[in-house]
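Observations on the model geometry
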Amino acid sequence: MTLAFDRLRKEYGQVVAIDDVTASFAPGLIHGVIGPNGAGKSTLINMTAGSYTVSSGSIVLDGKRLDRLKKYQIANSGVARTYQNIRLFDQMTALENLEVCFYPTDVGGTWKEVLWPPYASSRRDRRREKCMEILRFFDLQGHADAEAGSLPYGRQRMLEIARALVCNPRVLLLDEPAAGLNHHETAELTARLAAQRSPDRITIIVEHDMDLVMALCDNIIVMHHGKLLFQGTPAEVQASTDVQLAYLGTANDIDDIRAAAQDRRAQLGIRTRRRS
Ligand SMILES: Nc1ncnc2c1ncn2[C@@H]1O[C@H](COP(=O)(O)OP(=O)(O)OP(=O)(O)O)[C@@H](O)[C@H]1O
């Protein structure tokens, strides 16, 4: 299984957000996408998930053109995502937020289920157990019956990732999963994302938190002005003068990139975090 971008381009009117990007993503790995503000990172996620159309080029998963599919068909192909701004069903419980992922494909789909209630209820029990398993994985089992909107912010972030994982996606797209998390929560997130790594899954993370990216990712793509500037391992990215120039305009080191990302968080009113 491979996910591949070929000569991908996205224009918003006069703005070229993605310019001739070719890249491939292997399963079993965690791929980071980094770059300064406006570099086109979220646009890549949005096009892959079908939220935005592609202007030209292609996105192919296992030989299948995702860019020609509707959003729900992309989801049914095994692509799941989270958003920069959390999008949960606030008035539903944490458990219900996960259970909805099984509708309509896994619910009421057979006459047997309609005509034989015990069959329907055993399927429902199995779905519920699967949801509880994921809630336990994220240490959210104690919040199963709480309204999602009432959970603390950090728990909501975890719940959104749990929801993306509950149907065992082949491609997991995470758009700034650490945004707004404190140091402790970011460490927890890093551990959980490492633990969900699977040989059958491609994980792509757009993130400004360099500590998380460097600790977690096997491969990193650096975007700059819509172009793919650099691709390599965390060590190669940290050593790249091109990357430092893109972030800072001067060749400094990774600590300055961290500082730039933290300044950006402060501007957004999200958080700043001291390095220990
Ligand atoms: N819906 C849209 N309509 C018009 N322009 C857009 C839209 N979404 C993004 N853009 C523009 O496309 C470019 C890339 O934006 P994108 O959000 O992908 O960047 P990013 O790297 O994710 O930035 P950030 O790190 O600040 O979230 C920017 O110039 C942005 O203003």
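A brief structural summary. (Residues numbered from 1 in each chain as written. Predicted model: local features only at pLDDT ≥ 70, side-chain atom pairs only at ≥ 80, totals over all residues. Heavy atoms only, no water.)

Consecutive residues of a regular strand have side chains that alternate between opposite faces of the sheet. In terms of strand pairing, strand β1 (residues 3-12) meets strand β4 (residues 56-61) through five bridges, oriented antiparallel. Following the sheet pairing, R9 is matched in β4 by S56. Here β4 pairs with strand β5 (residues 64-65) via two bridges, running antiparallel. Residue V60 lies in a different strand from β5, and its bridge partner there is R65. (Pairing = 2+ DSSP bridges. Helix = DSSP H or I, 4+ residues; strand = E, 2+ residues; numbered from the N terminus.)

Right, let's get into the packing of helix α6 (residues 153-165) against helix α7 (residues 183-195). Packing of α6 against α7 leaves a shortest axis separation of 11 Å and a crossing angle of 15°. In terms of axis orientation, α6 runs roughly parallel to α7. Crossing of α6 over α7 shows right-handed handedness. Residues G154, R155, M158 and I161 of α6 touch α7, and the partners they reach there are E185, E188, L189 and L193. For the contact of α6 with α7, the per-class residue count stands at four nonpolar, one polar and three charged. (Axes fitted to C-alpha atoms, helices over the stretch in contact; angles between N-to-C directions. Parallel < 35°, antiparallel > 145°, perpendicular 65-115°, else oblique. Left-handed = near helix turned anticlockwise from the far one by under 90°. Contact = heavy atoms within 4.5 Å. Nonpolar A, V, L, I, M, F, W, Y, C, P; charged D, E, K, R; others polar.)

On to the pattern of salt bridges. Counting across every chain of the model gives 11 salt bridges. Among the ionic pairs, R7 bridges to D20, the shortest N-O distance being 2.8 Å. Here R7 is found in strand β1, whereas its partner D20 is found in strand β2 (residues 15-25), with 13 residues between them in sequence. R7 sits in the exposed class, given a relative accessible area of 52%. Judged by its relative accessible area of 39%, D20 is partly exposed. (Salt bridge = Lys/Arg side-chain N within 4 Å of Asp/Glu carboxyl O. Buried < 20%, exposed > 50% of the residue type's maximum accessible area, 1.4 Å probe, protein only.)

Throughout the structure, instances matching the rule amount to three aromatic pairs. Here F5 and F25 contribute two aromatic rings whose centre-to-centre distance is 5.1 Å and whose plane-to-plane angle is 70°, an arrangement assigned as edge-to-face. Of this pair, F5 sits in strand β1 while F25 sits in strand β2, and the two are 20 residues apart along the sequence. You can call F5 buried: its relative accessible area is 4%. The interplanar angle of 85° and the centroid separation of 5.7 Å between the aromatic rings of Y12 and Y52 together place this pair among those described as edge-to-face. Taken together, the positions of Y12 in strand β1 and Y52 in the loop between α1 (41-48) and β4 put the pair 40 residues apart, joining distant regions of the chain. (Phe/Tyr/Trp six-rings, centres within 6.5 Å; stacked < 30°, edge-to-face > 60°.)

Geometry only, nothing functional implied.
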